[in-house]
Amino acid sequence: MDDIFIGGADGAAQSLLLKRANRHGLIAGATGTGKTVTLQILAQGFADAGVPVFVADVKGDLSGMAAAGSDTTKLHPKLVSRAETIGLENYTYASAPCVFWDVFGTRGHPLRTTVSEMGPLLLSRMLDLNDTQEGVLNVAFQLAEDENLLLLDLKDLRALLVHVSERRAELSQTYGNVAPASIGAIQRRLLVLSREGLENFFGEPALELSDMMRTGTDGRGQVNIMDATRIIQNPTLYSTFLLWLLSELFEELPEIGDPDKPRLVFFFDEAHLLFDRAPRALLDKVEQTVKLIRSKGVGVYFVTQNPRDVPEPVLAQLGNRIQHALRAYTPNERRAVKAAADSFRPNPDFDTEDTITLLGVGEALVSTLDEKGRPSVVQRTLIRPPASRMGPLTDAERAEVISTSVIFGRYDTGLDRESAYESLERRTETRLREERESAEREAREDEREAAEKARNSRSSRSRRSRAPRRGSTGAMVTSVLRQSSTVLVRELVRGIFGSLRR
């Protein structure tokens, strides 16, 4: 199998060459024009060719890929008619080998990563931090690296921020200013993240990319469907998560050049959310990743309403394009239609700009890369009908797919090994114990000193009580001398007068 059949145009088949599929692509069009079905038939086409696929299921419809279509549905006659019209022979219904994932762990196998793997740049976007707060978060990550503190889950990050706050005067001299207000703001954002149910997204066991890049014994690639019906309510979280996954692919996969077919195809639905209010550093990262990841065998396909949702440097990297109908009711919409038309190689048989506004549901302008990597002339194309179900699975069907998955039980129970939280808690306990022991030693020293003083005081009083009193002895001697002198004088006077009498 060398290509994926997309649809028919005036009796000619429109296909996507597998050897050019890693040159990325774009599926665009207004709401209700058939983008989701186009995504579905491309994803299943890649899977049938042995290429693993990742896709975010924003509306829940793509879960139907895990079930075959049915000839009992009311759409069956139309689908068969479309297949006959475009020359799709042997059209049959078939399911795709699907694995369901869910960031919240409720509608699929839990998707987890660690705080350190997410990194400060993407985490800052996820928390919607300003430049100052992002700077403090960078300080925290650098400190964790310098002191070998393992950041796995949110409690690790919270404990680290408390540690940074306690040492901010010291750390400011080495890492730069650490404002207490910024630490408080980050902690509040982490609280919001937890309240939104993403506490378990950070932790272990973390996703191993090899579990998304599987092929079955029948040679078909695994279709990884991430349930995004809940996380899409927070567009920043949604886009940041997908960008993290794309970055992990870029960083972990080796260079292989241009393979005969991609190693993985990544569909980024609602792609405009990635670029809305994105800081320059993040846009640069996206542009770099899209440019270089194709040499690692990964094709990235952006799905959005308008090509103008994608920045020009990224749009220039998207060689395979499927453009569904656009509306042109306002001047701005007419400019968007003209920009979309100008991105195609013109077809002399019709006016591309006018045709974009006239396309029906399930119809698109298609231009793919040829053998030499050149864009083909744009063709007005009827998109082929899907082989799998058009519509979501029931909850019971989803549960059965999950329970019979090849990775069932691998991620469903979380782990909590020793990391920064436990290390910092142990440090705190050690510090408090040392402070308590020091205080007890000081108290004992004070008691000994007090006891020694008391003993010295009692000894001094005892000596004073045994010694004669100088004042009393002197008075006694003086009294004795005085009495003796009086007696002597009296006797002398008596003697003198007695002589005179005689």
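Note that the coordinates shown come from a computational prediction; the quantities given were computed from them, not determined experimentally. (Residues numbered from 1 in each chain as written. Predicted model: local features only at pLDDT ≥ 70, side-chain atom pairs only at ≥ 80, totals over all residues. Heavy atoms only, no water.)

*Asks:* Which parts of the structure should I look at to understand the packing of helix H4 (residues 131–146) against helix H7 (residues 180–195)?
*Replies:* The relative placement of two packed helices comes down to the angle between their axes together with the axis-to-axis distance. Interaxial distance between H4 and H7 falls to 9 Å at its minimum, and their mutual angle equals 90°. When the interaxial angle is binned, H4 and H7 end up roughly perpendicular. Of the residues in H7, those touching H4 at Thr 132, Gln 133, Val 136 and Leu 137 are Ser 182, Ile 183, Ala 185, Ile 186 and Arg 189. The residue makeup of the contact of H4 with H7, split by class, is five nonpolar, three polar and one charged. (Axes fitted to C-alpha atoms, helices over the stretch in contact; angles between N-to-C directions. Helix = DSSP H or I, 4+ residues; strand = E, 2+ residues; numbered from the N terminus. Parallel < 35°, antiparallel > 145°, perpendicular 65-115°, else oblique. Contact = heavy atoms within 4.5 Å. Nonpolar A, V, L, I, M, F, W, Y, C, P; charged D, E, K, R; others polar.)

*Asks:* Would you mind going over the side chain of Asn 306 with me for this structure?
*Replies:* Summarising the element assignment, Asn 306 is placed in the loop between strand E9 (298–304) and helix H11 (312–315). Sequence-distant contacts of Asn 306, defined by excluding residues within four places in its chain, comprise Leu 326 and Ala 336.

*Asks:* Can you help me understand the packing of aromatic side chains in this one?
*Replies:* Any aromatic ring pair is given by two values, namely how distant the centres are and how the planes are angled relative to each other. Applying the stated criterion across every chain, the model contains 14 aromatic pairs. Centre to centre, the rings of Phe 46 and Phe 267 are 6.4 Å apart; their planes meet at 55°, and the pair counts as tilted. Of this pair, Phe 46 sits in helix H1 (residues 35–48) while Phe 267 sits in strand E8 (residues 264–269); the two residues are 221 residues apart in sequence, bridging distant segments of the chain. Judged by relative accessible area, Phe 267 falls into the buried class, the value being 0%. A connected cluster of aromatic rings, assembled from ring pairs, spans Phe 54, Tyr 238, Phe 266, Phe 268, Phe 275 and Phe 302. Across the ring face of Phe 250, the terminal group of Lys 296 is positioned such that the distance to the ring centre comes to 4.5 Å. Across the ring face of Phe 100, the terminal group of Arg 398 is positioned such that the distance to the ring centre comes to 4.7 Å. (Phe/Tyr/Trp six-rings, centres within 6.5 Å; stacked < 30°, edge-to-face > 60°. Buried < 20%, exposed > 50% of the residue type's maximum accessible area, 1.4 Å probe, protein only. Lys NZ or Arg CZ within 6 Å of the ring centre and 35° of its normal.)

*Asks:* Help me understand the pattern of salt bridges in this model?
*Replies:* Close approach of charged atoms allows side chains with opposite charge to pair. Under the counting rule described, the total for this entry stands at 27 salt bridges. The partner of Arg 167 in a salt bridge is Glu 147, and the shortest N-O contact between them spans 2.8 Å. Within this pair, whereas Arg 167 is found in the loop between helix H5 (154–166) and helix H6 (168–175), its partner Glu 147 is found in the loop between H4 and H5, the two being separated by 20 residues in sequence. For Arg 167, a relative accessible area of 18% gives the class buried. Its relative accessible area of 22% is what places Glu 147 among the partly exposed residues. In this structure, a network of salt bridges that share partners links the residues Arg 107, Asp 227, Asp 395 and Arg 398. (Salt bridge = Lys/Arg side-chain N within 4 Å of Asp/Glu carboxyl O.)

*Asks:* Would you take a moment to explain the sheet that holds strand E11 (residues 363–367) for this structure?
*Replies:* Strand order in the open sheet made by the 12 strands is E2-E1-E12-E11-E10-E3-E9-E8-E4-E7-E5-E6, with mixed pairing throughout. Only two strands of the sheet have a single neighbouring strand rather than two, namely strand E2 (12–17) and strand E6 (109–110). Of the strands in this sheet, strand E5 (98–102), E6 and strand E7 (223–227) are in contact with helix H14 (residues 395–403), which crosses E5 at around 100°. (Pairing = 2+ DSSP bridges.)

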